[in-house]
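Per-entry structural report
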Amino acid sequence: MFTPSISLDKDVVLEDERVLLRPLEESDIQYFIPYVLNEPDIWQYSLVRPSDEESMTAYVHNAVTAREEGREYPFIVFDKQTGTYVGSTRFYDIQPQHRSLQLGYTWYAKAQQGTGLNKHCKYLLLSFAFEQWGIERVELRADTRNARSIAAMQRIGCTIEGTLRSHCLTADGSRRDSIVLSILKEEWQNGKKEQLQQQLHP
């Protein structure tokens with residue numbers, strides 16, 4: 001049976017002319033503090049909602065620990081246009097035996113939302129997952145109320161598969177419905193990669 005070549009120990013750096021993604025480190029908390037203090041709405045629909053320096057420090061620590069334990073691969077996002085670190089994203093629920101993973105925990109500073117930066121990030125991440133790690137299926141999820149995020153996923157080529165009702169607990173203790181989307185390696189190879197690539201340079 002084919003086994004994807006996935007190594008979470010190896011540092012992965014992905015970049016193009018607009019953005020650079022590198023492995024998240026504990027010291028990166030310094031770049032996130034201004035956002036958690038000044039732009040709390042970024043995490044409105046997130047299952048984990050850091051609200052101060054302490055909770056953001058825990059957020060980063062948990063992400064880095066998850067990589068060390070071989071469960072996730074978190075990145076920090078650097079916007080080359082502004083010369084600043086502007087967010088984070090990660091691979092998680094990595095299942096080499098099924099050649100699948102989830103892509104999420106994505107957030108960006110408000111100034112970068114709607115600028116096209118997300119498309120550059122997703123292009124790099126999907127290219128790496130399908131072409132370097134040999135992944136066959138990348139899954140994405142979102143709160144069904146998060147219309148902006150769902151629309152962004154559809155624009156990069158994801159297909160809506162359905163809704164997980166009362167799927168999980170939110171940060172405030174309520175339950176949320178989660179929409180499930182995905183993109184397959186075959187779809188990526190047969191046109192979706194080129195479609196997304198064209199969106200990077202409209």
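Rules used in this analysis
Residues numbered from 1 in each chain as written. Predicted model: local features only at pLDDT ≥ 70, side-chain atom pairs only at ≥ 80, totals over all residues. Heavy atoms only, no water. Patch = residues over 30% accessible without salt bridge, like charges linked within 9 Å, V, L, I, M, F, W, Y side chains within 5 Å. Areas by Shrake-Rupley, 256 points an atom, 1.4 Å probe, with all protein chains shown as cover. Salt bridge = Lys/Arg side-chain N within 4 Å of Asp/Glu carboxyl O. Helix = DSSP H or I, 4+ residues; strand = E, 2+ residues; numbered from the N terminus. Phe/Tyr/Trp six-rings, centres within 6.5 Å; stacked < 30°, edge-to-face > 60°. Buried < 20%, exposed > 50% of the residue type's maximum accessible area, 1.4 Å probe, protein only. Lys NZ or Arg CZ within 6 Å of the ring centre and 35° of its normal.

1. Details of a nonpolar patch on the surface
A contiguous nonpolar patch, built from L47, V48 and Y105 and spanning about 240 Å² of accessible area, is present on the exposed surface. Relative to the assigned elements, V48 resides in the loop between α1 (29–38) and α2 (53–68).

2. A word on the packing of aromatic side chains
All told, the structure shown has 13 aromatic pairs when counted by the stated rule. Between the aromatic rings of Y31 and Y85, the centroid separation amounts to 4.2 Å while the plane-to-plane angle is 35°, which identifies the pairing as tilted. Within this pair, whereas Y31 is found in helix α1, its partner Y85 is found in strand β4 (residues 84–95), the two being separated by 54 residues in sequence. With relative accessibility at 18%, the residue Y85 sits in the buried group. Here the aromatic rings of Y92 and Y105 are separated by 5.0 Å at their centres, their planes lie at 80°, and the arrangement is edge-to-face. On the criterion of sequence distance, the pair formed by Y92 in strand β4 and Y105 in strand β5 (residues 100–108) is long-range, its members being 13 residues apart. In textbook terms, an aromatic cluster arises when at least three aromatic residues are bridged by ring pairs, as seen for Y73, F75, F91, F128 and W133. One Lys or Arg, R90, reaches over the ring of Y59 and ends 5.5 Å from the middle of that ring. Taking NZ or CZ as reference, R90 lies 3.9 Å from the ring centre of Y105, over its face.

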